[in-house]
Amino acid sequence: MGLKRPADEGSNPSDPNLFSLEKRKGICKANSVIKEFKGKMKTRWKALIAFGAVVFLALTVGLLYLLISSIDVNQLPLIGQKVAVIPIKGTITLEGCSGGIFGTAQCASVSTIKEMLKNADEDNSVRAIVLDINSGGGYVVASRELERAVKDTKKPVVACIREVGTSGAYYVASAADSIVADRDSITGSIGVVMTIQHYYGLLEKLGINVTVIKAGKSKDLGSPYREMTEEEKRELKEVIDKIYYDFVSDVAKNRNLSFSYVEKISDGSIYLGSDAKDLGLVDYLGNLDDAIDIASELGRISGEPAIEEAKPRKISLWDLFRISAEDVGSEILSVIHIISQNSND
């Protein structure tokens, strides 16, 4: 008979302790594999995230470069370095401007200039405004309305008187924060004038009579068909004096001068720019470039400013034809009216 060899101690497959040991070994091995796998994946994710961050940063820098290179820095809010130059040339008027054959404006339209002032005042790229003045003045209400618009502008305004800046044009300039004038420019002429034309003598020689029927003693005040009475002259003089008082008062306030002083030098006299400076009517002697430099300083512009020349809308050939037709038509109707009245008489 063969002898059975006793099983090694601890090697019995049915031994629960042996099964538990093997299970623990398997679990530890699995955990080790999982941990190694997670470590490898974590390294890969870190590399992938780093690569993505580099790509994103490169794209961002590229897009910013393209964006900045395609944008005028002067158009960015609070970064603008512009000085807007607004022309005031010709007669200051509330009406539209007549023009020459090439459509060049011959007057300073208040609505156009106010629009340019408003646009410059609201434009973040503009830090200061220069009024390029070459005007002998204009109508009372038009000049005052433009003076108010300049005064209401929030940004610094510098008036530059080139050849001429008198009467209503100086009225407008006085509202600016500073006035620059050429030493040989013509300025001043602070005063008010009313001109009434009479051609009753001519009509009489032509045998044309005009009959006026009115209700109200002064209804035909200033009529060109008759001589003006002394009472009517006094009445109109009172009107002119009131306008003159307002003119002098506003200039005195705008220039920080006393009313009595401004009234003393406001007899309608014109002054050279150099004399106007001595009188306190202007602040500096210089040209447009000097005015731009002063505006840049007031607007706190660092470095060389960018110049933006505001331009009014040009008169088209159609506008010229329309204005001319209206003027000619009005004159023809007026002559026909006078002739028909004379024929009826």
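These figures come from a predicted structure and were not determined experimentally.

## Topic: the pattern of salt bridges
Move 1: For the coordinates displayed, the defined rule picks out 16 salt bridges.
Move 2: The partner of Lys118 in a salt bridge is Glu122, with the nearest N and O atoms 3.1 Å apart. You can see Lys118 and its partner Glu122 sitting in helix H2 (residues 110-122), four residues apart, about one turn around the helix.
Move 3: The class of Lys118 is partly exposed, set by a relative accessible area of 48%.
Move 4: The exposed category is assigned to Glu122, whose relative accessible area is 53%.
Move 5: The network of salt bridges with common partners includes Glu147, Arg148, Lys151 and Asp250.

## Structural notes on the pairing of strand E1 (residues 82-89)
Move 1: Of all eight residues that make up E1, seven are buried, and the element is covered over most of its length.
Move 2: By the bridge criterion, four bridges tie E1 to strand E10 (residues 306-309) in an arrangement that is parallel. Across the sheet, residue Ala84 finds its bridge partner in E10, namely Glu308.

## Points about the side chain of Ser143
Move 1: Residue position: Ser143 is located in helix H3 (residues 140-152).
Move 2: Not counting the four nearest positions on each side in its chain, Ser143 is found in contact with Ile92, Gly138, Gly168, Tyr171 and Val172.

## A closer look at helix H6 (residues 230-254)
Move 1: Between its first and last C-alpha atoms H6 spans 36 Å; for 25 residues at 1.5 Å apiece the expected length is 36 Å, and the two agree.
Move 2: Regarding H6, the residues found buried are Glu232, Leu236, Ile240, Tyr244, Phe247, Val248, Ser249, Asp250, Val251, Ala252 and Asn254.
Move 3: In this structure, the buried side of H6 is in contact with H3, helix H4 (168-173) and helix H7 (259-265).
Move 4: Downstream of H6 by a residue or two, Asn256 has a phi angle that is positive, lying close to 55°.

## Quick look at the environment of Met228
Move 1: Assignment of secondary structure puts Met228 in the loop between helix H5 (200-205) and H6.
Move 2: Residues in contact with Met228, not counting those within four places in the same chain, are Ile196, His198, Gly222, Lys233 and Leu236.

## Let's talk about the nonpolar core
Move 1: Of all hydrophobic cores here, the largest spans 43 residues; its most connected members are Ile86, Ile88, Ile92, Ile113, Leu117, Ile129 and Leu131.
Move 2: Each residue touching Ile129, except ones within four places of it in the same chain, is listed here: Ala84, Ile86, Leu117, Ala120, Asp121, Thr153, Pro156, Val157, Val158 and Ala295.
Move 3: Ranked by size, the runner-up nonpolar core spans 13 residues in total, among them Val85, Val158, Ile292 and Ala295.

## Describing the environment of Ala175
Move 1: One can find Ala175 in the loop between H4 and strand E6 (178-181).
Move 2: Ala175 sits 27 residues away from Arg148 along the chain, and the two C-alpha atoms are 7.6 Å apart.
Move 3: Not counting residues up to four positions away in its chain, the partners in contact with Ala175 are Glu147, Val150, Lys151 and Asn254.

## Description of the packing of H2 against H3
Move 1: Look at H2 against H3: their axes get within 10 Å of each other, and the N-to-C directions meet at 0°. The orientation of H2 with respect to H3, classified from their angle, is roughly parallel. Contacts between H2 and H3 involve Val110, Ile113, Lys114 and Leu117 from the first element and Ala142, Glu145, Leu146, Ala149 and Val150 from the second.
Move 2: Grouping the amino acids of the contact of H2 with H3 by side-chain chemistry returns seven nonpolar, no polar and two charged.

## Looking at a nonpolar patch on the surface
Move 1: A contiguous nonpolar surface patch, about 230 Å² in accessible area, is contributed by Leu94, Val140 and Val141.
Move 2: With respect to the helices and strands, the residue Val140 is situated in helix H3.

Criteria and cut-off values
- Per-chain numbering applies: the sequence of each chain, read as written, is numbered from 1 onward.
- In keeping with the model being predicted, local features are shown solely for residues with a pLDDT of at least 70 and side-chain atom pairs are shown and tallied solely at 80 or more, while totals for entire chains, interfaces and linings include all residues.
- Excluding hydrogens and water, the side-chain figures rest on all heavy atoms present in the structure.
- A pair is scored as a salt bridge if a Lys or Arg side-chain nitrogen falls within 4 Å of a carboxyl oxygen belonging to Asp or Glu.
- Where helices and strands are cited, they refer to DSSP runs of H or I of at least four residues and of E of at least two residues respectively, numbered from the N terminus.
- The buried label applies to any residue whose accessible area, calculated with a 1.4 Å probe on protein chains only, is under 20% of its type's maximum; exposed applies above 50%, and partly exposed to all values in between.
- Whether two strands pair depends on DSSP finding at least two bridges between them.
- By definition, residues are in contact when any of their heavy atoms lie within 4.5 Å.
- To estimate the expected span of a helix, count its residues, drop one, and scale the result by 1.5 Å.
- Within this scheme, the nonpolar core is defined by two criteria: the residues are buried Ala, Val, Leu, Ile, Met, Phe, Trp, Tyr or Cys, and they are joined through side-chain atoms within 4.5 Å.
- In this analysis, axes come from line fits to C-alpha atoms, helices being fitted only over the stretch in contact, and the angle between any two N-to-C directions falls in the range 0 to 180 degrees.
- Each angle gets one of four labels, with under 35 degrees taken as roughly parallel, over 145 as roughly antiparallel, 65 to 115 as roughly perpendicular, and the rest as oblique.
- Think of it as three bins: nonpolar holds Ala, Val, Leu, Ile, Met, Phe, Trp, Tyr, Cys and Pro, charged holds Asp, Glu, Lys and Arg, and polar takes everything else, Gly as well.
- Nonpolar side chains (Val, Leu, Ile, Met, Phe, Trp, Tyr) within 5 Å and like charges within 9 Å form the patches, drawn only from residues with over 30% relative accessible area and no salt bridge.
- Here the open area of atoms and residues is found with the Shrake-Rupley method and a 1.4 Å probe, where only the protein chains shown may cover a residue.

Remember, this is a structural readout, not a statement about activity or role.
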